[in-house]
Amino acid sequence: MSAMKNVWVFSEKQDLLVELCAGARQLGEKVAVLLIGNPSAADEAIKAGADHVYLMGELEDSRMVEDFLPTIEKLVAEHKPDLVMFGNTKRGKLMAGILAAKRGTSVLADVIEFLEDGTCKRRVYGGAAISTIKSNAEVAIATVGGGVFGTQALDESRQGTTENVDFVAAESKVKCVEKRAKAGATVNLSAAKRVVAVGRGFADKEDLKMAEELAELIGAEIGCTRPLSEGLDWLPRERYIGVSGVMFKPDLYITLGISGQIQHMVGCNQSQTIIAVNKDKAAPIFKQADYGIVGDLYKVLPMLIEKIKAGK
Amino acid sequence: MNVITCYKIVPDDQDIIVRDDRTLELGKAELEIGQYDLPAIEAGMQVVADAGGKVSALSVGPKLLENSKLKKAVLSRGPADLYLVVDDSLADADTHQTARTLAAAIQKIGNIDLVLCGEGSSDLYSQQVGAQLGELLGMANINAVSKITVEGDKLIVERTLEDEVEVLEVSLPAVISVTTDIVQPRIPSMKEVLSAGKKPVTQWSLADIGLADNPQTIETIDTLAPELAERKQIVIEGDSEDAVNELWENLRQELQ
Ligand SMILES: Cc1cc2nc3c(=O)[nH]c(=O)nc-3n(C[C@H](O)[C@H](O)[C@H](O)COP(=O)(O)OP(=O)(O)OC[C@H]3O[C@@H](n4cnc5c(N)ncnc54)[C@H](O)[C@@H]3O)c2cc1C
Ligand SMILES: Cc1cc2nc3c(=O)[nH]c(=O)nc-3n(C[C@H](O)[C@H](O)[C@H](O)COP(=O)(O)OP(=O)(O)OC[C@H]3O[C@@H](n4cnc5c(N)ncnc54)[C@H](O)[C@@H]3O)c2cc1C
């Protein structure tokens, strides 16, 4: 999107905001950040790449992040930037959708690449294909995730301006009555070099111990397919790999009882080496693996673990 | 409580064929209800089981929605009746056009307290239609909801975000997008399948819901399969000691 003058960025997550600022610098002449926070957070946004910060106020107990939408909407209507990028968290997606509806347009959802000619790319059909799409709106609205632009070091010497804007209050039909932290949200799989990934080939949660033992022996992290964390609840969501989960490029990816559906494979098909254990010879995973064994994981795993132990 | 659940008919992704020029052949794919819309339907059934009322299903899209197997499939999952808005121009609808069409249909149905959407469609997964629909209808509007409890003229819902869970008080009417694990969708019984054929279906055109003009705001230029990494595809058959030895040899190389 070479012709863009003004690119705006919003994310309630600091690390994502920093990434999007760096990306916005590549896309537009001027970068502005819509910020919830205090003046020192505004300075951080400038170091990350903002030329201008609209400081909308701080998050008080009685306010949800979403309550800042009328303020954002007013600023967008006044200044009409070429593009507004929202970090693609659940909140970001809701806010982008509401803003788009107010403006009578759609959202460029989960963009993975912005091209020079003003088009952009997103994954569709679970990653089986990539669409090139284009917004015809006066103000294009997009959601963008982490990793699309990559991180850049903060530039301590960057200069920018901060403007305090008035909070636009609106009747809120949704009130937050309680908030609690989610347990176990601590793994960062995306940095793992070796991963043992488990799928529905495991009949029981207890049996995952075998996979954990293998992982420990070879210094790998445990990952899984989506049904094992969402639905079965055997592993936390941060551990599922695929189009709607973790996407990464480990050196070694070992799949145990995973069929190899596209939605899962897009998360890991850039791995250096893929090894598969599956009892079904026709499972799609074998076409996407370097080494495979057609066998029962309940037989293969214990033998393999013994061999690794013996070989050490 | 009058509840509408919105579902999308999508191609079964296992039947999608990638042609040599990397374009997709969708014509041969089996059609099904979006996987992530099933929990929304079931969540609607739970709400009326607790609070009384009625669940209606609603889908908008091209002519293929008229397929009687697909109509029965949704009605066998509990809804009392079904509304369809059918127009072939909706095949390439963007999220705004889809949301506008749903909003117009919901206004025509009238007297709705709660609209439920899935987490995202199983094919394009923009996760946008629910958010936009809520705004267009001017209703309370929230996503990522993993639990719904009716409390008088309000809902208490849990919303599962990336690293926190919010408990929210939501006024009615509302549009709520639910998570995939809010509730396990049912497998319809024989009786439910048989009675599905007798439930009423109302079908409208775009003109019927007063939507003659519904311009596109996002253009799709092309859709191509990505190039895949070359893999060795060395497959050993059988789970004998020898086979595992061979696997171990291969693995050992990689671990060095
Ligand atoms: C919009 C959308 C997004 C999605 N996003 C993701 C995502 O991000 N990540 C993801 O993982 N999924 C995702 N999915 C789900 C995905 O389509 C698949 O359903 C899922 O990846 C399958 O998981 P699985 O391989 O564990 O299970 P299955 O497909 O059920 O495969 C289990 C495999 O185990 C084998 N097996 C069974 N028993 C044994 C045994 N004893 N020994 C050896 N092998 C055995 C079977 O042969 C089978 O191949 C998504 C789906 C949709 C619609
Ligand atoms: C290849 C391709 C790429 C596209 N890319 C974009 C894009 O980037 N941005 C964009 O705005 N549009 C895009 N579109 C169009 C758009 O995604 C869909 O056609 C449609 O508007 C719904 O979006 P979705 O399927 O992603 O639904 P989501 O927003 O993921 O759906 C959320 C929920 O809304 C409900 N719902 C969705 N569709 C219907 C329906 N037809 N009837 C009833 N309920 C429904 C369901 O409950 C569903 O769970 C694209 C279309 C194609 C063919």
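Residues numbered from 1 in each chain as written. Chains lettered and ligands numbered in written order. Predicted model: local features only at pLDDT ≥ 70, side-chain atom pairs only at ≥ 80, totals over all residues. Heavy atoms only, no water.

1. Overview of the site of ligand 1
Taken together, 29 residues sit near ligand 1, with A:Arg200, A:Thr225, A:Ile241, A:Ser259 and A:Asn278 positioned nearest. Looking at the residues close to ligand 1, they fall on chains A and B. A distance of 2.9 Å is found between an oxygen atom of ligand 1 and a backbone nitrogen or oxygen belonging to A:Arg226. Calculation on ligand 1 without its partners gives an accessible area of 990 Å², and the protein chains cover 88% of this total. Looking at the shell around ligand 1, the elements with two or more residues in it are α6 (226-229), α7 (262-265) and α8 (297-311) of chain A. Broken down by class, the residue content of the shell around ligand 1 amounts to nine nonpolar, 15 polar and five charged. (Near = heavy atom within 4 Å. Polar contact = N/O pair within 3.5 Å; in protein donor to acceptor, adjacent residues only side chain to side chain. Areas by Shrake-Rupley, 256 points an atom, 1.4 Å probe, with all protein chains shown as cover. Helix = DSSP H or I, 4+ residues; strand = E, 2+ residues; numbered from the N terminus. Nonpolar A, V, L, I, M, F, W, Y, C, P; charged D, E, K, R; others polar.)

2. Let's talk about the site of ligand 2
The immediate surroundings of ligand 2 are formed by 33 residues, with B:Lys8, B:Asp37, B:Ala93, B:Thr95 and B:Ser121 found nearest. Proximal residues around ligand 2 fall on chains A and B, making this an inter-chain site. A distance of 3.2 Å separates a nitrogen atom of ligand 2 from a polar atom in the backbone of B:Tyr7. B:Asp37 is positioned with one of its side-chain polar atoms (N or O) 2.4 Å from an oxygen atom of ligand 2. When isolated, ligand 2 has an accessible area of 940 Å², and the protein chains bury 95% of it. Within the residue set of the shell around ligand 2, elements represented by two or more residues are β6 (120-124) and β7 (129-135) of chain A together with β6 (54-61), α3 (95-109) and β14 (218-224) of chain B. Classifying every residue of the shell around ligand 2 by side-chain character gives 15 nonpolar, 13 polar and five charged.

3. Observations concerning the pattern of salt bridges
Overall, the coordinates contain 38 salt bridges over all chains when judged by the stated rule. Note that A:Lys309 is salt-bridged to A:Glu213, the shortest N-O span being 2.7 Å. Of this pair, A:Lys309 sits in helix α8 while A:Glu213 sits in helix α5 (residues 208-218), and the two are 96 residues apart along the sequence. When its relative accessible area of 32% is taken as the criterion, A:Glu213 is described as partly exposed. In this structure, the salt-bridge partner of B:Glu192 is B:Arg186, at a minimum N-O distance of 2.6 Å. Taking relative accessible area as the criterion, B:Glu192 reaches 24% and is therefore assigned partly exposed. Through salt bridges with shared partners, a single ionic network connects A:Glu66, A:Arg91, B:Arg159, B:Glu164 and B:Glu166. (Salt bridge = Lys/Arg side-chain N within 4 Å of Asp/Glu carboxyl O. Buried < 20%, exposed > 50% of the residue type's maximum accessible area, 1.4 Å probe, protein only.)

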